[in-house]
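# Residue-level structural notes
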Amino acid sequence: MTIPARWAVLLLLPALAMTGAFFLVPIGDIIVRSFTEPVVGLQVYERLFADPTTWRVLGRTFATGALTVLLCIALGYPYAYLMTLVGPTMRTILIVLVLVPFWTSLMARTFAWISLLQRDGPVSALLAAFGLPGVTLLGTLPGVLIGMVQILLPYFVLTVYAGILGIDRRLITAAMSLGANRFRAFLQVYLPLSVPAVIAASALVFILALGFYITPQLLGSPQESLIAQVIGVRVERLVDFAGAGGLSAILLVSTALLLGIVGLVFRPILRALGLSRAEVRA
């Protein structure tokens, strides 16, 4: 049964109203301030773009987001693929293991990492056992990456799993019947079909990583601040809403441009690989 267009719009109204009230209005207000305080103009952006710190923080933020995505791919893709291979009972166990972090608050998990990564903590003792004494990850970029990957990995795994669950595994069997070994069949048939799911999960993780505040604030150091921390300092300590709004606008536009570029790059690649399941089946 098809829902009339006017009823579909009515169903969307609550979600649109909430999005407008709690997302668009606050974002719009702080960006408007960046153009109107202390006077109307582009002085805030001229000052931000002329400051080398802005570019360093922005570059560090995007680099951290990209590294987080790469680590999530390396750790999450095999896990999501394994979930498609096992039986229902084992799959349920694997899904529960992925969901367990959601049952613990973000602050609790971050403070747990502080305890693990601090000097003379369990991680430091483990590294010393492998011949790396005196290594402390707390207050470093690797420590921030560990905390961010642990928090964002479930988002990646669940998104990829939902995307690859519908891939027909008989395609691998068909490829093997034509002479390909299992690894080659996976590499040339299954992996290309899973690329859209990986791209979607990577975009989700990347966008979430750019806005992280608590984890970098507690596990990192002021010398390696990310843009969310700098925005927080401008609002809380400097009461510079215009500068915070300018940085927010720069981050928003930069993220949109980067995702647009990635989309333009991957679209012809996906078409060239023939990733349509209908084309593969044909």
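Higher on the page you've got the structure.
The rules we used
- Residues numbered from 1 in each chain as written.
- Predicted model: local features only at pLDDT ≥ 70, side-chain atom pairs only at ≥ 80, totals over all residues.
- Heavy atoms only, no water.
- Helix = DSSP H or I, 4+ residues; strand = E, 2+ residues; numbered from the N terminus.
- Buried < 20%, exposed > 50% of the residue type's maximum accessible area, 1.4 Å probe, protein only.
- Areas by Shrake-Rupley, 256 points an atom, 1.4 Å probe, with all protein chains shown as cover.
- Lys, Arg positive; Asp, Glu negative; His and termini not counted.
- Charge placed at Lys NZ, Arg CZ, Asp CG, Glu CD.
- Salt bridge = Lys/Arg side-chain N within 4 Å of Asp/Glu carboxyl O.
- 1 Å grid on protein atoms, 1.4 Å probe; cavity = no way out; pocket = protein on both sides within 12 Å on 5 of 7 lines; lining within 4 Å.
- Points joined across faces, edges and corners; volume = space filled by probe spheres on them.
- Nonpolar A, V, L, I, M, F, W, Y, C, P; charged D, E, K, R; others polar.
- Axes fitted to C-alpha atoms, helices over the stretch in contact; angles between N-to-C directions.
- Parallel < 35°, antiparallel > 145°, perpendicular 65-115°, else oblique.
- Left-handed = near helix turned anticlockwise from the far one by under 90°.
- Phe/Tyr/Trp six-rings, centres within 6.5 Å; stacked < 30°, edge-to-face > 60°.
- Lys NZ or Arg CZ within 6 Å of the ring centre and 35° of its normal.
- Polar contact = N/O pair within 3.5 Å; in protein donor to acceptor, adjacent residues only side chain to side chain.
- Contact = heavy atoms within 4.5 Å.
- Patch = residues over 30% accessible without salt bridge, like charges linked within 9 Å, V, L, I, M, F, W, Y side chains within 5 Å.
- Core = buried A, V, L, I, M, F, W, Y, C linked by side-chain atoms within 4.5 Å.

## Some words on the overall build of the protein chain
Helices and strands together make up the secondary structure of the protein chain, namely 13 helices and zero strands. Going residue by residue from the N terminus, the α and β elements of the protein chain occur as α-α-α-α-α-α-α-α-α-α-α-α-α. Along the first, second and third principal axes, the C-alpha atoms of the protein chain reach 70 × 65 × 35 Å. In the protein chain, which comprises 282 residues, the proportion classed as buried is 35%. Put simply, the protein chain shows about 16400 Å² of open surface, and 72% of that area lies on carbon and sulfur atoms. Positive and negative charge centroids in the protein chain, built from 18 and 10 side chains respectively, lie 16 Å apart.

## Details of the pattern of salt bridges
Counting across every chain of the model gives three salt bridges. For R33, the salt bridge is made with D29, and the minimal N-O distance between the two is 3.6 Å. Of this pair, R33 and D29 both sit in helix α1 (residues 5–36), four residues apart, which is roughly one turn of the helix.

## A short note on empty space enclosed by the protein
Summed over all chains, the structure comprises two cavities of 30 Å³ or more. Residue composition of the lining of the largest cavity, by class: four nonpolar, three polar and one charged.

## Some points on the packing of helix α3 (residues 52–85) against helix α7 (residues 141–164)
For the pair α3 and α7, the least separation of the axes is 7 Å and the interaxial angle reads 45°. In this view, α3 runs oblique relative to α7, as classed from their interaxial angle. Handedness of the α3/α7 crossing: right-handed. A breakdown of the residues in the contact of α3 with α7 according to their chemical character gives 21 nonpolar, four polar and no charged.

## Section: the packing of aromatic side chains
Under the definition given, this model contains eight aromatic pairs. Ring plane angle 65° and centroid distance 6.4 Å describe the contact between Y77 and F186, whose orientation is recorded as edge-to-face. With Y77 in helix α3 and F186 in helix α9 (residues 182–210), the pair connects residues that are 109 residues apart, well separated along the chain. As far as the burial class goes, Y77 and F186 line up, both buried. Cluster of aromatic residues (ring-pair linked, three or more members): Y77, Y81, F186 and Y190. Positioned over the ring face of F241 is R33, at 4.9 Å from the centre of the ring.

## Section: the side chain of T255
Mapped onto the elements of the fold, T255 is located in helix α12 (residues 241–273). Using a relative accessible area of 11% as the deciding quantity, one classes T255 as buried. Among the polar contacts listed, one links the side chain of T255 to the backbone oxygen of L251, at a separation of 2.7 Å. Look past the residues within four positions of T255 in its chain and what remains in contact with it is F62, I207 and L210.

## Remarks on the side chain of R109
Tracing the backbone through its elements, the reader meets R109 in helix α5 (residues 106–117). The buried charged residue R109 lacks any salt bridge partner; its closest oppositely charged side chain belongs to E236, at an N-O distance of 20 Å. A distance of 3.4 Å separates a polar atom in the side chain of R109 from the backbone oxygen of P101. Those residues in contact with R109 that sit more than four places away from it in its chain are P101, T104, Q150 and I151.

## Points about a nonpolar patch on the surface
Taken together, the side chains of V96, V100, F102, W103, Y155, L204 and L208 make up a nonpolar region of the molecular surface, amounting to roughly 590 Å² of accessible area. Tracing the backbone shows V96 in helix α4 (residues 88–99).

## What to know about the nonpolar core
It is characteristic of soluble globular proteins that their nonpolar side chains tend to be buried jointly. Counting 57 residues, the largest nonpolar core has Y77, F156, V160, I164, Y190 and I227 as its most contacted members. The element contributing the most residues to this core is α9, with 12 residues.

## Concerning the environment of L153
Inspection of the secondary structure assignment puts L153 in helix α7. Residues L153 and I73, spaced 80 residues apart in sequence, show a C-alpha to C-alpha distance of 8.7 Å. Excluding anything up to four places from it in sequence, L153 contacts C72, L75 and G76.

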